[in-house]
Amino acid sequence: MTFAPLPDAGANWVDRHAPEGLKPWLKLGRFDRPIGIWLLLLPGWQGITLALAQYRQSPGFYDLWLFVGFAIGACLMRAAGCAFNDIVDRDFDAQVARTAQRPIPSGRISVKQAWAFVVACSLISLLVLLTLPTVAIGLGVGSLGLVAAYPFMKRITWWPQAWLGLTFNWGALMGFAAALPLAAAALLLPADLAGEFRPFLWSPASESGHAIALTWQAYLPAILLWIGGVFWTLGYDTIYALQDIEDDAMIGVKSSARRLASAVRPGVAIFYGLTVILAAMTGLAAGLGPLFWIGLIAYAAHLARQVMRLDRNDGALALKLFKSNREAGLILLAAIALGSISL
């Protein structure tokens, strides 16, 4: 049996090159739509880069592993999250033209098989998580509550996109927490106290019985980056939700696009404006250099252009603008990296 591309997938490697038997599984994990992987991954990379930039550290071998490990984790946890979402939403999806041919509502993958897929992706992701410092592991475990609750938000609130923002940008906190201990220790910790600093689960016990830890204030730049990311997601996912606004109204699914209605453009403008303000506060809190601000201007311009082009009645344009947020996230990532350069 040959499976046709899903309506919002566009040209993609899964439909072009994947074996027919694998296509339903890859589509269950949304590997035919990699934009979601990017939008989950970029906050994590931004958090890693922010920790290094704040302490003016160049990436070491462990930091390079963090970039790779977060990429693996983003691919797998996004796949697990999408499969879980499809399990919960299978009845809704069957009633919406854009989602009716997804693997579960179309009957190509059973609910039991989908659960096995979720468990497999989660277990592999756990192996990556255990290579991180203890604080990052705790954050990773804490994110599961956000992931589990998300599919139900569209039933109880007009703002499920805000919950998605909390979830998708959690990587900013995790990435920062993963890179911060070694970056800070390299700059601030005297050699004679190195044995007192035990950021990993496998760190040897301190000979003195004491331990050095970072205070919560050390994480303030990451918290600001995370909150800014929440508003970024609230903006771009409101744009994305414009595609389904009529179907959502018919079946009773709530969304920020439906709530804002004709005010969707000023609403997205406010969300994106807060995104830029919080990114600026992040740069100030981390003491980033002047090149960061040049990158921030480019980031703001990209978001502003999305707002100016937005048309609530053009679903195809909404999808295009939504996908352009990969470039927006990369611009902010580059700005943070440039902020490590002191002129």
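Residues numbered from 1 in each chain as written. Predicted model: local features only at pLDDT ≥ 70, side-chain atom pairs only at ≥ 80, totals over all residues. Heavy atoms only, no water.

Caption draft 1: Examining the pattern of salt bridges more closely. Using the criterion set out here, one finds 10 salt bridges in the structure. For the salt bridge of Asp 89 with Lys 154, the shortest nitrogen-to-oxygen distance reads 2.7 Å. With Asp 89 in the loop between helix 4 (61–88) and helix 5 (90–93) and Lys 154 in helix 7 (residues 134–156), this residue pair connects regions lying 65 residues apart in the sequence. By relative accessible area, Asp 89 is classed as buried at 1%. Since its relative accessible area comes to 15%, Lys 154 is described here as buried. Two residues, Asp 93 and Arg 102, come together in a salt bridge whose shortest N-O distance is 3.7 Å. Take Asp 93: its relative accessible area is 7%, and that puts it in the buried class. Residue class for Arg 102 comes out buried when judged on its relative accessible area of 6%. (Salt bridge = Lys/Arg side-chain N within 4 Å of Asp/Glu carboxyl O. Helix = DSSP H or I, 4+ residues; strand = E, 2+ residues; numbered from the N terminus. Buried < 20%, exposed > 50% of the residue type's maximum accessible area, 1.4 Å probe, protein only.)

Caption draft 2: Representation of the packing of aromatic side chains in the model. Enumeration according to the criterion identifies 11 aromatic pairs in this entry. Ring plane angle 65° and centroid distance 6.1 Å describe the contact between Phe 176 and Tyr 219, whose orientation is recorded as edge-to-face. Residue Phe 176 is found in helix 9 (residues 170–188), and its partner Tyr 219 is found in the loop between helix 9 and helix 10 (220–241); the two are separated by 43 residues along the sequence. Neither Phe 176 nor Tyr 219 differs from the other in exposure class; each is buried. (Phe/Tyr/Trp six-rings, centres within 6.5 Å; stacked < 30°, edge-to-face > 60°.)

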